[in-house]
Amino acid sequence: MKIKWREYEGYLVAILTLSVMAADCFNAMMMSPGERTYLETVYREHGLPFRYFQNILGPQLGIRLVLMGCYYWLSLYVVRLVKEVLLSGDVRLTPLLKIPLHILLVGFVVAFATNVATYFAHPHFFNYGGWRSLAILGYNEQPLTVIWFGLDRAVILILIYVVYGFVREAIITGIDKNTNHQLFRTMVVNQIALVVIIYFSLLAIFGVFDVAFSPAIVVVYLAIFPSSLVVFFFNVYLIYPTSNDEPLSLSTLLKVFAIVILSSFSIILFKLSILPGPNVGKIFVTSWIVQFAIVTPLSWLYYKQRKEKFMALRGAEETITRTSADLQLLRAQINPHFLFNALNTLYGTALRENAPNAAEGIQKLGDMMRFMLHENHQDFIALDKEIAYIDNYVSLQKLRLLENVQVTVDIDELHCGEKKISPMLLITFIENAFKHGISMTMPSWIKVELRCTHERLEFTVRNSISASKANDPEKHSSGIGLENVRQRLVLFYPNQHEMTTSVVENEYIAKLSLELR
């Protein structure tokens, strides 16, 4: 499942453009003889012949198509360039130059197309009445005399959209990268985007074809309905999932009340800025009644009906996360038969050649690989086995270190008892310490501390910050990585862990605290 915000927005622009163009053609077919005579008279008074397609329909259709094409140009290309530079860290000169170049180019196309449409339509004859799309770049009574006319306003409008587009892409990228309930969040964003598209599409169609409604219907559609949608989505996706199936509890009702109040402020602003008359209080009360008496119960029924699907989706996400983590662990494994045969051969060779350190290292490596083969596939293992794996790993790493590196391991198992832990959870922090904290020339250090207190495990790894050298064997080492650790913590220790990383002067500190089982 992917986020369709971008696609839905593209559909909305296409629907709006085609609706306006259809209305233009409909108005052309339905034009009365009196209206045509009036237009001919106005153009004749200015010494110009009148041709409906050349002076009215052609400029209307042309400017609509140009604006739609420029939107897709910005959305599908320019915004992507901005995303690559700001989110991906691509600071090459070529993308940096392309962004302002394309913004200016799109601005020039919009300004020039508006100039051309103005040249044929002469909207200033009518004080731009009926030509709002051309007036947005300014009144131009001498079109094409200055081809740059309106470029400044066009660029400003384009920059506003580019900023919005970047925010959109940042949200989409954030959801895609955050694997915690990714499918669920994608579904929520898609549903909200689809509702917004439908709402504005209907609004555009009503406006384009001049559908007449009573003031009450206008207030409902433009003021009460949007705020009700806000309350509905907040209830279904944020408030009710944390209510423990108690919609009438005090905390739940207070949250609903807060959302209703906040959404109602938009109604007041809308009323004061658009609709005339002193009926703000009536709109306020009506909105409250609708949202409390209708929207809130309907949103609860919808949530209850869809709850099983939501839970199933979250369960599927957990399964995918577990499978992904297991797959990454399996990819790090080597064929055990080949490995153990090779280790036995090397171990025997080291003993015969009187190399006790090499033999010890090979033996510890064999113990580590047996751990990965026999314990790694379980969800939880005894904590003492995880600690033994850490001891073997640190001892093996020490064999290659010089005297300028100090490694301190302080493990207190006194209160750990027979607790269990998810396998390979702690070793990643130590791997990163050896990978990034060891210098072959400068003094460096690694400090590992492990304590069990009050049913919790407190684990801290500190290391000096050193730049990796080209000949550092740990520079390209692999591992499940901190991101995989975060996934497994969310999966196996939901709301039962706290993981932090920080840099204090020249020392990197990673801390993990979790509830033991």
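Residues numbered from 1 in each chain as written. Predicted model: local features only at pLDDT ≥ 70, side-chain atom pairs only at ≥ 80, totals over all residues. Heavy atoms only, no water.

K.L.:
Provide a residue-level description of the overall build of the protein, including the pertinent values.
P.N.:
Helix and strand counts for the protein come out as 15 helices and seven strands. When each of the 517 residues of the protein is scored for burial, the buried share is 40%. A sequence separation of at least 24 residues applies to 74% of the contacts in the protein between residues at least 6 apart. Looking at the protein as shown, the accessible area adds up to about 28700 Å², and 63% of this sits on carbon and sulfur atoms. (Helix = DSSP H or I, 4+ residues; strand = E, 2+ residues; numbered from the N terminus. Buried < 20%, exposed > 50% of the residue type's maximum accessible area, 1.4 Å probe, protein only. Contact = heavy atoms within 4.5 Å. Areas by Shrake-Rupley, 256 points an atom, 1.4 Å probe, with all protein chains shown as cover.)

K.L.:
Now, about the packing of aromatic side chains: what can you tell me, with residues and values included?
P.N.:
Per the counting criterion, the structure on display carries 26 aromatic pairs. On the basis of an interplanar angle of 65° and a centroid distance of 5.0 Å, the ring pair of Y71 and Y72 is categorised as edge-to-face. With 6.0 Å between their ring centres and 70° between their planes, F429 and F459 make a pair best called edge-to-face. Note that F429 is positioned in helix α14 (residues 427–436) and F459 in strand β5 (residues 456–464), a separation of 30 residues in sequence. We note that F429, like F459, is buried. (Phe/Tyr/Trp six-rings, centres within 6.5 Å; stacked < 30°, edge-to-face > 60°.)

K.L.:
Run through the environment of E35, naming residues and quoting values.
P.N.:
With respect to the secondary-structure elements, E35 resides in helix α2 (residues 33–45). Relative accessible area serves as the criterion here: at 43%, E35 is assigned to the partly exposed category. At a separation of 3.1 Å, a polar atom in the side chain of E35 contacts the main-chain amide nitrogen of S32. (Polar contact = N/O pair within 3.5 Å; in protein donor to acceptor, adjacent residues only side chain to side chain.)

K.L.:
Report on the pattern of salt bridges, specifying residues and quantitative values.
P.N.:
Tallied over the full model, the rule gives 10 salt bridges. Salt bridges linked by common partners bring R6, E9, K83, R168 and E169 together as one network. (Salt bridge = Lys/Arg side-chain N within 4 Å of Asp/Glu carboxyl O.)

K.L.:
Please provide a residue-by-residue account of helix α1 (residues 5–29), values included.
P.N.:
Helix length check: α1, at 25 residues, gives a terminal C-alpha distance of 36 Å against a target of 36 Å (1.5 Å per residue), a fit within 8%. When α1 is considered as a whole, its buried residues turn out to be R6, Y8, E9, G10, L12, V13, T17, S19, M21, A23, D24 and A28. (Expected span 1.5 Å × (residues − 1).)

K.L.:
Give me the lowdown on the packing of helix α3 (residues 52–87) against helix α6 (residues 151–177), citing residues and values where you can.
P.N.:
Interhelical geometry of α3 versus α6 gives an angle of 60° and a closest axis separation of 9 Å. Comparing the axis directions of α3 and α6 gives the class oblique. When the axes of α3 and α6 are compared, the crossing they make is right-handed. On α6, the residues that touch Y71, L74, S75, V78, V79, R80, V82, K83, L86 and L87 of α3 are I158, Y161, V162, G165, F166, R168, E169, A170 and T173. (Axes fitted to C-alpha atoms, helices over the stretch in contact; angles between N-to-C directions. Parallel < 35°, antiparallel > 145°, perpendicular 65-115°, else oblique. Left-handed = near helix turned anticlockwise from the far one by under 90°.)

K.L.:
Lay out the side chain of S75 in plain terms, naming residues and giving numbers.
P.N.:
Within the secondary structure layout, S75 lies in helix α3. For S75, the side chain forms a polar contact with the side chain of Y161, separated by 3.4 Å. Side-chain polar atoms of S75 contact the side chain of R168, separated by 3.4 Å. With residues near it in sequence (within four places) discarded, S75 still touches R6, R80, Y161 and R168.

K.L.:
Could you give me a rundown of a nonpolar patch on the surface, with the residues and numbers involved?
P.N.:
Side chains of F112, Y119, F120, L144, V146, I147 and W148 sit close together on the surface and give an oily, nonpolar patch of about 620 Å² of accessible area. Locating V146 in the fold gives a position in the loop between α5 (132–135) and α6. (Patch = residues over 30% accessible without salt bridge, like charges linked within 9 Å, V, L, I, M, F, W, Y side chains within 5 Å.)

K.L.:
Could you give an account of the state of the cysteines, naming the residues involved and the relevant values?
P.N.:
One covalent bond between the sulfur atoms of two cysteine residues makes up a disulfide. For the structure shown, the criterion picks out one disulfide. Between the sulfur atoms of C416 and its disulfide partner C452 the distance amounts to 1.9 Å. Taking the torsion about the sulfur-sulfur bond, which here is approximately 85°, the covalent link between C416 and C452 counts as right-handed. Of this pair, C416 sits in the loop between β2 (405–411) and β3 (420–421) while C452 sits in strand β4 (residues 444–453), and the two are 36 residues apart along the sequence. For C452, a relative accessible area of 4% gives the class buried. (Disulfide = S-S within 2.5 Å.)

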